[in-house]
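Here is what each chain is made of, one letter per residue.
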Amino acid sequence: MNYFFNKNGPLISTYLLISIGFWIVFLIVIPQLYMLDLSFRPNIPPLLRGGPDDVYTLVHYKHFLFGSETSGESYNYVDIGVFLDTILTAILITLINLCFCYPIAFYIAKVASPNTARLLIVSLIIPFWINELLRSFALRILFAGEGFINNVLIKLGVIDTGINFIAMDVALYTGLNYAYILLMIFPLYNALETLDKNQLEAAEDLGSSMIRTHFRIVIPHAKAGIASGCTMVFMLTAGALATPVVLSSPNTFWFTQLIYQWFNMNDNWPRGAAYSIVLLSVSVVFVLLMMRIFKVKIGEIVR
Amino acid sequence: MSADVELQNVSVSFGNFYAAKNVSVKIEKGEFFSFLGPSGCGKTTLLRAISGFSDPSDGNILIGGQNMAGIGPNKRPTSLIFQNLALFPLMSVADNIAFSLEVRGSGKAERRKRADELLELVALSGQGDKKVHELSGGQRQRVAIARALAIEPEVLLLDEPLSALDLKLRQKMRTELREIQKRVGITFIYITHDQGEALTMSDRIAVMNQGELEQIGSCNSVYEAPNTPFVATFVGENNAFYGTISAVDGDMVNVSAIGNNFLAKAGDLGEGRKHTFKKNDEVIMFVRPESIFLKDQNNQADNIFTAAVKTVEFEGNLKNIYLSINEKQDVRCSVSNAVDTMDLSNSKNVELKFSSRDAIVLPVGPLAVD
């Protein structure tokens, strides 16, 4: 602490401590603690809060697992189904995203000339000036029954009648993949950028094929970047709302849509909070598990 | 002996810039051959062309008589040791060495056996399970050599691999490299800007400047009989006296320079021929500092001149005496530190001498800038 103050001077040190402290305490810890607390409380009118009925309860978590007491099912198949669907789809999308972004990031980091690399990075960033909702609606137009893609395919004679991309969730997966692409590309790019080009040449000189060089040299080197990108994309995809609302088929439901419904339409904040906590904790546990399996330390991710 | 690596009029250009210009060399099998030159002289470019990482814009590269055009680095019988070694940091030492065997699909036991053999060759037995970063600089060097030898190359290419080591280790590694080369008996092509390295290890040296070959020859001939002023000044130290020819007698010439008349021999032109001069030709006469003696030293000399002492510098085994002739011509003279230089005070005029056999006359040309 003394060292920190001596190094940065009293003014800057105080500013850093206060601003970062504010950020962590007021914007992260307090709201999340409030949510955690709320998730264990009954959904009662404001007037009764603090009264005898306001006691800690597991009713919302029970609801997530077993459904309402009036239903005949032994488990809440609908909500659990939506939840698992969301997690599995998020995993799938993260993997697709990785496969899609790795070659691009490698090209920018190691193959392209500095000028081309700059141009490519800029052209990756600029589309994200358009807001997420607008991008999602644009995709909807593209994938709609009488949308651009169907029209072109019909004109070319590839198909006779339009394909319902929305119902097949092709539009949703495309939209989710695209939404967080930068969060995959940049960590990958950062990690790959630090790879010494001589390593690639040395491997080639020793007879290694390009694919082997990637699996033995490049990917191990970029492991932390891959973990960082995958973590961010997975978390954000599992927690996405706007894209699923716009692009999902009528019978696909994203778990965040459920949460949104509890908060807004059903006016049941405690249950929404409980569902949020379920999503958050399962996502965190999953990420930590993956990091353990692939032997990545949390410190490496933020490097 | 057959030529193992042959460069036929090889040029490498980047746009309008020629990194290597019309280079022709025949390197024999089992030879330790060095390309020596200042940084930016095109030697690394040539090495990359031989290894297959870049293509010559003109000319042919033949290895074992076969034209290498269109053959990638992974298909050539060459192995390159990079300047920064480019060892794989996430693999063990043994995995590094056996990487080329892994690539070819050898089994684990076979890879381990080969790695152990190579570790023994480079005197690193028992270090196979360590990570690269646990080794010292010299040990890493040897791992890089072992890894490069694992593919059983016909030609080993070395891109200044010793430049990151400190002086003592570098000197030790020179001897070791030379010994390893004798043991494996393959061709080594070595790139360096350090003439000491080139002179101690090589069978032959090619001196390069600005993309062009200046001279190819044994260490002795490059040092003792430079063909150009660049070679004379780049390899070792030299005093350059600008002057004109006043008389020619066979291979011996008289040079008049800074008010003196010196007897010297005409320099070699290469391929056994000598430069020929006629009266009034502008020339440079080169005399090495160790060939110039104080007059009272016991050495034969037929040229005597006077110069004023500027400084005397102690360099361990040698003393360097810096002098000047009429403030116009700097002269450096190196004497053994056993020579008494106590009475060589500043500005004192002393008589110096050198033998005409040690004075080489070459046509005027660019010197190596230092």
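Structure's up top.
Since the model is a prediction, treat every value here as computed from it, not as a measurement.

Description of the nonpolar core
In globular proteins that are soluble, nonpolar side chains generally tend to be buried together. Grouped together as the largest cluster of nonpolar side chains are 41 residues, with contacts concentrated most on Met184(A), Leu188(A), Leu192(A) and Val218(A). Elements supplying a minimum of two residues to this core: α3 (77-111), α4 (114-125), α5 (132-143), α7 (170-179), α8 (181-193), α11 (223-238) and α12 (242-247) of chain A. Those residues within four positions of Met184(A) in sequence are excluded, and the remaining contacts are Thr94(A), Asn97(A), Leu98(A), Cys101(A), Gly229(A), Cys230(A) and Val233(A). Counting residues in each nonpolar core, the second largest holds 37 residues, with Ala49(B), Phe53(B), Leu80(B) and Phe88(B) among its members.

What to know about the interface of chain B and chain A
Each side of the interface is counted separately: chain B has 22 residues, and chain A has 16 residues. For the pair chain B and chain A, the two sides together bury roughly 1800 Å², of which 55% comes from carbon and sulfur. Contact with chain A buries surface across chain B, with Asn74(B), Phe99(B) and Val103(B) losing the most and accounting together for 26% of the total. Joining chain B to chain A, the criterion identifies three salt bridges. Of the charged contacts, one joins Arg48(B) and Glu201(A) as a salt bridge, the two residues approaching to 2.7 Å between their closest N and O atoms. Viewed at the interface, chain A and chain B are joined by seven residue pairs in polar contact (both at pLDDT 80 or more). When contributions to the side of chain B that touches chain A are tallied by element, the ones reaching two or more residues are α1 (43-51), β6 (78-81) and α3 (99-103) of chain B. No other element matches the four residues that α3(B) contributes to the side of chain B that touches chain A. Classifying every residue of the side of chain B that touches chain A by side-chain character gives 13 nonpolar, six polar and three charged.

Observations regarding the pattern of salt bridges
This model, assessed by the stated rule, comprises 24 salt bridges over all chains. Ionic pairing is found between Arg216(A) and Glu102(B), a salt bridge with its closest N-O pair at 2.6 Å. Of the two residues, Arg216(A) is situated in helix α10 (residues 210-221) and Glu102(B) in helix α3; the pairing between them involves two chains. Look at Arg216(A) and you get partly exposed, because its relative accessible area is 27%.

So, how was this worked out
- Residues numbered from 1 in each chain as written.
- Chains lettered and ligands numbered in written order.
- Predicted model: local features only at pLDDT ≥ 70, side-chain atom pairs only at ≥ 80, totals over all residues.
- Heavy atoms only, no water.
- Core = buried A, V, L, I, M, F, W, Y, C linked by side-chain atoms within 4.5 Å.
- Buried < 20%, exposed > 50% of the residue type's maximum accessible area, 1.4 Å probe, protein only.
- Helix = DSSP H or I, 4+ residues; strand = E, 2+ residues; numbered from the N terminus.
- Contact = heavy atoms within 4.5 Å.
- Buried area = accessible area lost by both parts, 1.4 Å probe.
- Salt bridge = Lys/Arg side-chain N within 4 Å of Asp/Glu carboxyl O.
- Polar contact = N/O pair within 3.5 Å; in protein donor to acceptor, adjacent residues only side chain to side chain.
- Nonpolar A, V, L, I, M, F, W, Y, C, P; charged D, E, K, R; others polar.

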